[in-house]
Amino acid sequence: MSEHYHFDQILNRSNTDSLKWDWMNKFLPKAPKDALPLWVADMDFPVAEPILQSLRTCLDRNIFGYSYYRSEAYLDAVTGWFKRKFDWVIDPQSIYYSPGVVPAIGMLIRLLTAPDDAIIIQRPVYYPFTDKIINNGRQVVNNPLKIQNGRYEMDFENLEAHLKNPEIKGLILCSPHNPVGRVWTPDELEHVVELCKTYDKWIISDEIHGDLTRKSVTHYPLEVLCPDYKHKIITCTAPSKTFNLAGLHLSNIIINDPDLRTRWTEEIDGRLSVGMASPFAIVAAISAYNEGDFWLEQLKDYLDGNIRFVSEFFSTHLPKAIVYETEGTYLVWVDLSHYESDPVKLESLMLQKAKVALDEGYFFGPEGNGFERLNVACPRETLEKALNSMKTAILR
Ligand SMILES: Cc1ncc(COP(=O)(O)O)c(C=O)c1O
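Q: Got a sec to walk through the overall build of the chain? Specific residues and values, please.
A: When helices and strands are counted, the chain shows 14 helices and 15 strands. A compact globule built from 396 residues should have a C-alpha radius of gyration of about 21 Å, and the chain, at 21 Å, falls within 12% of that. On the principal axes, the C-alpha backbone points of the chain span a range of 60 × 55 × 35 Å. Out of the 396 residues in the chain, the part that is buried amounts to 56%. Taking as baseline every contact in the chain between residues at least 6 positions apart, the subset at least 24 positions apart corresponds to 73%.

Q: Explain the pairing of strand β12 (residues 331-335) to me, using residue names and the numbers behind them.
A: Within β12, 5 of the 5 residues are buried, which leaves it mostly tucked inside the rest of the structure. Residues of β12 alternate between two faces, with Leu-331, Trp-333 and Asp-335 on one and Val-332 and Val-334 on the opposite face, all of them buried. Relative to β12, strand β11 (residues 322-323) runs antiparallel, the two sharing 2 bridges. Bridge pairing links Val-323 to Val-334 in β12. Inspection of the sheet shows β12 paired to strand β15 (residues 371-375) by 5 bridges, in the antiparallel sense. Looking at the pairing, Asp-335 lines up with Phe-371 of β15.

Q: I'd like a description of the environment of Ile-204, backed by residues and values.
A: On the secondary structure map, Ile-204 appears in strand β8 (residues 202-206). Taking C-alpha positions, Ile-204 is 9.8 Å from Leu-222, a pair spaced 18 residues apart along the chain. With sequence-adjacent residues up to four places away left out, Ile-204 is seen in contact with Ile-105, Leu-108, Leu-112, Leu-171, Ile-172, Leu-173, Ile-234 and Cys-236.

Q: I'd like a description of a nonpolar patch on the surface, backed by residues and values.
A: Side chains of Leu-19, Trp-23 and Phe-27 sit close together on the surface and give an oily, nonpolar patch of about 300 Å² of accessible area. Summarising the element assignment, Trp-23 is placed in the segment before α1 (24-27). With relative accessibility at 42%, the residue Trp-23 sits in the partly exposed group.

Q: Quick one: what's the story with the domain arrangement of the chain, residue by residue and with numbers?
A: Size of an interface, as often reported, equals the accessible area lost when the parts are brought together. Looking at the assigned domains, one finds that the chain contains domain 1 (24-48 + 293-395) and domain 2 (63-290). The gap between the C-alpha centroids of domain 1 and domain 2 is 25 Å. Contact with domain 1, which involves 31 residues of that partner, is made by 36 residues of domain 2. Of all residues in domain 1, the largest losses of buried area upon contact with domain 2 belong to Asp-293, Glu-327 and Phe-364, amounting jointly to 24% of the total for that side. Across the contact surface, domain 1 and domain 2 share 7 salt bridges. Notably, a salt bridge pairs Asp-301 with Lys-215, separated by 3.0 Å at the nearest N-O pair. Viewed at the interface, domain 2 and domain 1 are joined by 23 residue pairs in polar contact (both at pLDDT 80 or more). Residue assignment for the side of domain 1 that touches domain 2 shows that the elements contributing at least two residues are α12 (293-317), β12 and β15. In terms of residue count, α12 provides more of the side of domain 1 that touches domain 2 than any other element does, 10 residues in total. Among the residues forming the side of domain 1 that touches domain 2, the class breakdown is 16 nonpolar, 4 polar and 11 charged.

Q: Give a detailed account of the environment of Glu-207, specifying residues and quantitative values.
A: Secondary-structure assignment places Glu-207 in the loop between β8 and α8 (222-225). Along the backbone, Glu-207 and Val-356 are 149 residues apart, and their C-alpha atoms lie at a distance of 28 Å. Here Glu-207 is in contact with Ser-175, His-219, Pro-221, Leu-222, Thr-235 and Cys-236, once residues within four sequence places are set aside.

Q: Talk me through the side chain of Ser-94; I want residue IDs and the actual numbers.
A: Of note, Ser-94 is situated in the loop between α3 (72-86) and β2 (95-98). A relative accessible area of 1% places Ser-94 in the buried class. Leaving out residues up to four positions away in the same chain, Ser-94 has contacts with Ile-253, Ile-254, Ile-255, Asn-256 and Arg-261.

Q: Provide a residue-level description of the site of the ligand, including the pertinent values.
A: What surrounds the ligand is the set Ala-41, Gly-100, Val-101, Val-102, Pro-103, Tyr-126, Cys-174, Asn-178, Asp-206, Ile-208, His-209 and Lys-241. Between the ligand and Val-102, the relevant distance is 2.9 Å, taken from an oxygen atom to a main-chain nitrogen or oxygen of the residue. Within the side chain of Asp-206, one N or O atom sits 2.6 Å away from a nitrogen atom of the ligand. In the complex, the protein chains occlude 88% of the 400 Å² of accessible area that the ligand would expose alone.

Q: Break down the sheet that holds β12 for me, citing the residues and quoting the values.
A: Across the sheet, 4 strands lie side by side as β11-β12-β15-β14; this open sheet has antiparallel pairing. A single partner strand is all that each edge strand has here, and the edge strands are β11 and β14 (359-360).

What counts as what
- Residues numbered from 1 in each chain as written.
- Predicted model: local features only at pLDDT ≥ 70, side-chain atom pairs only at ≥ 80, totals over all residues.
- Heavy atoms only, no water.
- Helix = DSSP H or I, 4+ residues; strand = E, 2+ residues; numbered from the N terminus.
- Rg over C-alpha atoms; globule rule 2.2 N^0.38 Å.
- Buried < 20%, exposed > 50% of the residue type's maximum accessible area, 1.4 Å probe, protein only.
- Contact = heavy atoms within 4.5 Å.
- Pairing = 2+ DSSP bridges.
- Patch = residues over 30% accessible without salt bridge, like charges linked within 9 Å, V, L, I, M, F, W, Y side chains within 5 Å.
- Areas by Shrake-Rupley, 256 points an atom, 1.4 Å probe, with all protein chains shown as cover.
- Salt bridge = Lys/Arg side-chain N within 4 Å of Asp/Glu carboxyl O.
- Domains from an automatic or database assignment.
- Buried area = accessible area lost by both parts, 1.4 Å probe.
- Polar contact = N/O pair within 3.5 Å; in protein donor to acceptor, adjacent residues only side chain to side chain.
- Nonpolar A, V, L, I, M, F, W, Y, C, P; charged D, E, K, R; others polar.
- Near = heavy atom within 4 Å.

Pasting the structure below:
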């Protein structure tokens, strides 16, 4: 294939019902209407041509009736991708559709725990973990990540102390970790499993960012490293983040425990009836997993460049900022507390002065006070504009 993608192309996303562009004010009420959105994690890049082609073909069928996702073609595409990318042999029987990873986490919390049970998360972390636990009447136990030599690490000693508590039933692992950008090493992941095994706790491994590592970094699916504990591991995967298909609402949840599979089906089909994917989501997922490799390689090159650009920009223009190494995800985690440590003032500096809408560090827990999370999956020109506005606002 010789075609090359142009991630520099600026697309106008206004008036497309986009959450990031059109509905920013609903979720970030303090954002001025003309703020540049680098917040929610979708990309301002057009979808890969083979996926667009499969969607056009689907459109041309002219009928969009009820659809189901378990065709051989679908299961082959999913299993083929994970085998090729991670040498992960997924039993097709373990693949379960969910309209999203977050809805799946909500359902799993309900299936795996009883009201008032406790679940461990490691902040600063993707904030819907907290919401799903609390809103389902369970308790959050935080095992904060610690910064060691300029790098985020898990606090294993504290983790073990928590795991001894019988009220705690399991752990939600963010792997790679949003927002800090760590891609956990095999040693770190094996350590987590070892501890959970000792105290008999389940693990929800949210691997939605697993395809989006830097070119020099490898993501390890938890199940591949620790196959003998896989009955207690539920892995959340999706083509949505990787291929910019979040609005199509499709994710694949890998469930190995037979009893949990039954209870999942009872919940998703029996009680909620949300187990049927859209025909567009199904064809897009098949095409993404069968034909998306080439686009993804080019995307990764572009993201590597954007991440370098951000890092160089801060070291040149705002040298007191600490930019954490983004090993995975397209989200850059920056400590701006040397410039403004009060999270409310920092937020208003970004929104009112810089007119840039970011995910504020404090969204991810108090450990994020003084930080900002930048979504850099946008054309470099947009990124440069946002960074220049931030610089001017901070140095004014
Ligand atoms: C760690 C993590 N999990 C899940 C999601 C969203 O998943 P979904 O849109 O499938 O609910 C995101 C989106 O940013 C994320 O960062």
